[in-house]
Amino acid sequence: MRKTMTVMALLVGAAAPARAGDRALRAEVTVPAPLEDVWRAWTTEAGVKTFFAPGARIEPRVDGLYEILFNPEGEAGRRGAEGMRILAFEPPRRLAFTWNAPPDLPDVRAQRTMVVVTLEPQEDGHTRLRFAHIGWGEGGDWDRAYAYFDRAWRAVVLPRLVHRFKGGPVDWSRPPTLEPVAASLRTE
């Protein structure tokens, strides 16, 4: 029955399956850029500012900072992914970092999930990006966080990454509205 419910949830586009331990947001996207360029986009402050957010503090090493600041001028605790840490740093193939929920979900924000970005060069000079966001808890606020990030990764962050390499860095005074590029985003 559980497996049938999970398959049904996928077929009808539900944001989350019944058990939090089974939840994962996964995507696969082809980025029109060489591996090293995509790696730098994710792992340097200058790179992050071209697609992810207007501010960042990154210490490119295991246990280094991985702060993505969506509101760099905001008050502490409301700037974005403050205090996040790098869990795996394997140039130029794999990056894993902790992640938190938006400030309007304070109980979930106090916890951490994990994002894993894996890169693979393609013969045409492009890069295949595999993305996973895991480590979800249970309850209504966790469900809201999961739904928020289902949209944020698929319809905002990953499309902006592709846009960055197709059309140039994001202009943070007028960020583009883009179509989702991660058609393979799936929940488990």
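These notes cover the structure that comes with them. Along each chain, numbering runs from 1 in the same order as the chain's sequence is written. For a predicted model such as this one, the threshold for reporting local features is a pLDDT of at least 70, and the threshold for listing and counting side-chain atom pairs is 80 or more; totals across whole chains, interfaces and linings nevertheless cover every residue. The side-chain quantities take in all heavy atoms of the structure and omit both hydrogens and water.

## What to know about the pattern of salt bridges
Moving on, step 1. By definition, a salt bridge exists where a carboxyl oxygen of Asp or Glu is found within 4 Å of a side-chain nitrogen of Lys or Arg. Counted under the stated rule, the structure contains 15 salt bridges.
Moving on, step 2. Residue E28 is joined to R128 by a salt bridge in which the shortest nitrogen-to-oxygen separation is 3.4 Å. Placement of E28 in strand β1 (residues 24–31) and of R128 in strand β8 (residues 127–134) is noted, with a sequence separation of 100 residues between them.
Moving on, step 3. Ionic pairing is found between E59 and R61, a salt bridge with its closest N-O pair at 3.1 Å.
Moving on, step 4. Connected via shared salt-bridge partners are E28, E120, R128 and R130. Every helix listed is a DSSP run of H or I at least four residues long, and every strand listed is a run of E at least two residues long, numbered separately from the N terminus.

## As for the nonpolar core
Moving on, step 1. By convention a nonpolar core is built from buried Ala, Val, Leu, Ile, Met, Phe, Trp, Tyr and Cys residues, the set being connected through side-chain atoms within 4.5 Å. Relative accessibility decides the category of a residue: with a 1.4 Å probe and only protein chains considered, values under 20% of the type maximum give buried, values over 50% give exposed, and everything between is partly exposed. Membership of the largest hydrophobic core comes to 45 residues, with the highest contact counts inside it found for W42, F52, Y66, W99, L129 and W153.
Moving on, step 2. The contact criterion used is simple: two residues touch if any of their non-hydrogen atoms lie within 4.5 Å. With near-sequence residues (within four places) excluded, W153 lies in contact with L25, F52, W99, V115, F131, H133, L158 and P159.

## Side note on the side chain of R160
Moving on, step 1. Its place among the elements puts R160 in helix α5 (residues 140–167).
Moving on, step 2. Buried and without a salt bridge, R160 has D171 as its closest oppositely charged side chain, separated by 11 Å.
Moving on, step 3. Those residues within four positions of R160 in sequence are excluded, and the remaining contacts are F51, V170, W172, P175, P176 and L178. Residues counted as positive are Lys and Arg, residues counted as negative are Asp and Glu, and His and the chain ends are not counted.

## Topic: the sheet that holds strand β3 (residues 66–69)
Moving on, step 1. Pairing between two strands is assigned when DSSP locates at least 2 bridges connecting them. On the basis of which strands lie adjacent, the open sheet formed by 3 strands has the order β2-β3-β4 and antiparallel pairing. The open sheet has two free edges, formed respectively by β2 (55–58) and β4 (80–81), since each of these has just one partner strand.
Moving on, step 2. Here β2 pairs with β3 via 4 bridges, running antiparallel. Paired with R57 across the two strands is E67, which belongs to β3.

## Regarding the environment of G125
Moving on, step 1. By the secondary structure assignment, G125 is in the loop between β7 (113–121) and β8.
Moving on, step 2. According to the relative accessible area criterion, G125 is partly exposed, its value standing at 34%.
Moving on, step 3. Separated by 93 residues in the primary sequence, G125 and P32 place their C-alpha atoms 7.5 Å from one another.
Moving on, step 4. The residues contacting G125, other than those within four sequence positions of it, are A33 and P34.

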